[in-house]
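A closer look at the structure
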Amino acid sequence: MSEISLPVATNDPVRPFFGAERSFSIHPGSIHIIGFGFDGTACFRKGTKEGPDGLRSVSEDIESYSPYLDADLEDYEFFDLGNLRLGFDDDVEAQWHHANNDFNQIFEPLDLAATQTKLITLGGEHSISYAPIVKHLKQYPNMVLLHLDAHADLRDGFLGYHFSHASIIRRVVDHFGPEHQLIQYGIRSGTRDEYTWMNQQGTIRKSRQDFLTSVQEIAGDRPIYLTLDLDYFDPAFMPGTGTPEPGGEDFHSFVSLMKILREKNFIGADIVELSPRIDPTGNSDVFAAKIVREVLLTLEQAGA
């Protein structure tokens, strides 16, 4: 199948991620990276709008080979579509809607399954996950959504924003069909009502083993999408995020998940909430870039 030109313009990245080709087209059968640098609804420390290029800026300074997966990005072709534009309105909701609409113009006509096209969206705060998750929910009626996060994100809006980073999971659950499933892990902060909902719906996993077992038990052909808020990781490892919470996971637990997902029908991901300015050492940027490397390689290997 031939390339499909982007119907809207995107901003150039600081540099393409890990040597990917900067592309102005969709390439069926390949993985595509797109940035959505927005932090308008961030309620504590801002800076995640710089996340997509923060990841890119350090990516080529770390190894392309993953010793954990025994795989190398140099063996694969993938594409960087640049960053979605926020428009010129000073209103943050208008900026979010502008970029969200551009995302939909690019991907809504595309049959991801038929074209074997996969997507990684880089944030930005967690509200940017709405467009890619909803696209995948519409495409895959029995999809499992894996939500890794320190926060439940189930509020019905926050600080006046309906599409808040604190309500992203509530907003995408609005689009769930009868066969969609939500699995949440790493959650250690939320309201009593959010915890009541997770417990009643059976979405939350409260131990690493229970979580990994739940993923392992997903049928091999069932589509799985990952939304990863980087505050899932303990701030001792990942301090460069806007709302850090003690008690988080480490890199090796994430690798354990990737080793399971490469044997599954892993179809796409978004990785959000890196704020480069919060961690002036740059360690968080490198940590997050290696997480993206593992996700890229897992998406490439999944189902092979």
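See the structure above.
Let me sum up the structure you'll find in this document.

Rules used in this analysis
- Here, residues in each chain are numbered from 1, in the same order as that chain's written sequence.
- In keeping with the predicted nature of the model, local features appear solely for residues at pLDDT of at least 70, side-chain atom pairs appear and are counted solely at 80 or more, and the whole-chain, interface and lining totals rest on all residues.
- Note: side-chain values were computed over all heavy atoms of the structure, leaving out hydrogens and water.
- Runs of E in the DSSP output that reach at least two residues are strands. Runs of H or I that reach at least four are helices, and both are numbered from the N terminus.
- Taken over C-alpha atoms, the radius of gyration is set against a globule rule of 2.2 Å times the number of residues to the power 0.38.
- What makes two residues a contact is simply this: any of their non-hydrogen atoms within 4.5 Å.
- Note that accessible areas follow from Shrake-Rupley with a 1.4 Å probe, and for residues the cover is restricted to the protein chains shown.
- In this count, Lys and Arg are taken as positive residues and Asp and Glu as negative ones, while His and the chain termini are left out.
- Lysine's charge is taken at NZ, arginine's at CZ, aspartate's at CG and glutamate's at CD.
- Two strands form a pair only when DSSP identifies at least two bridges running between them.
- Axis angles are defined between N-to-C directions and span 0 to 180 degrees, where every axis is a line fitted to C-alpha atoms and, for a helix, only to the segment in contact.
- Exposure categories follow from relative accessible area, calculated using a 1.4 Å probe and restricted to protein chains: below 20% of the type maximum is buried, above 50% is exposed, and the middle band is partly exposed.
- Two N or O atoms form a polar contact when they lie within 3.5 Å of each other; inside protein one atom must be a possible hydrogen donor and the other a possible acceptor, and for residues adjacent in sequence the pair counts only when both atoms belong to side chains.
- Each reported salt bridge corresponds to a side-chain nitrogen of Lys or Arg within 4 Å of a carboxyl oxygen of Asp or Glu.

1. Description of the overall build of the protein chain
- Within the protein chain, the regular secondary structure consists of nine helices and 13 strands.
- Against the globule reference of 19 Å for 304 residues, the protein chain gives a C-alpha radius of gyration of 17 Å, in line with a compact fold.
- Over its C-alpha atoms, taken along the principal directions, the protein chain stretches across nearly 50 × 45 × 40 Å.
- Look at the contacts in the protein chain between residues 6 or more apart in sequence, and 79% of them connect residues 24 or more apart.
- In the structure as shown, the protein chain presents an accessible area of about 12,000 Å², 46% of it carried by carbon and sulfur atoms.
- A gap of 4 Å separates the mean positions of the 25 positive and 46 negative side-chain charges of the protein chain.

2. Concerning the sheet that holds strand β11 (residues 204-205)
- Taken together, the nine strands give an open sheet; going across it, the order is β2-β7-β4-β8-β13-β12-β9-β10-β11, and neighbouring strands pair in parallel fashion. Each having just a single partner strand, β2 (21-22) and β11 make up the two edges of the open sheet.
- Helix α2 (residues 92-107) contacts β4 (31-36), β7 (78-83) and β8 (118-123) of the sheet and is inclined by roughly 165° relative to β4.

3. Re the environment of D234
- As for its placement among the helices and strands, D234 is situated in the loop between β12 (223-229) and α8 (251-261).
- Of the residues examined, D234 reaches a relative accessible area of 15% and is grouped as buried.
- Residues D234 and G186, 48 residues apart in the sequence, show an inter-C-alpha distance of 9.7 Å.
- Contact partners of D234, with chain neighbours within four places excluded, come to R188, P246, G247, G248 and E249.
- Polar contacts involving the side chain of D234 include one to the main-chain amide nitrogen of G247, which spans 2.8 Å.
- Within the local environment of D234, its side chain forms a polar contact with the backbone nitrogen of G248, the two atoms lying 2.9 Å apart.

4. Quick word on the pairing of β8
- In terms of burial, β8 is a largely internal element, six of the six residues being buried.
- The side-chain alternation of β8 yields two buried faces, one formed by K118, I120 and L122 and the other by L119, T121 and G123.
- Taken together, the six bridges between β4 and β8 define a ladder with parallel strand orientation. Paired with I33 across the bridge in β8 is I120.
- In this structure, β8 lies alongside strand β13 (residues 265-272), joined through four bridges in parallel fashion. Each bridged residue has a counterpart across the sheet, and for I120 the counterpart in β13 is A269.

5. Observations concerning the pattern of salt bridges
- Counted under the stated rule, the structure contains 10 salt bridges.
- Among the salt bridges present, the one from R277 reaches E50, with a minimum N-O distance of 2.3 Å. With R277 in the loop between β13 and α9 (283-301) and E50 in the loop between β4 and α1 (51-59), this pair connects stretches of sequence that are 227 residues apart.
- Under the relative-accessibility criterion, R277 is labelled partly exposed at 47%.

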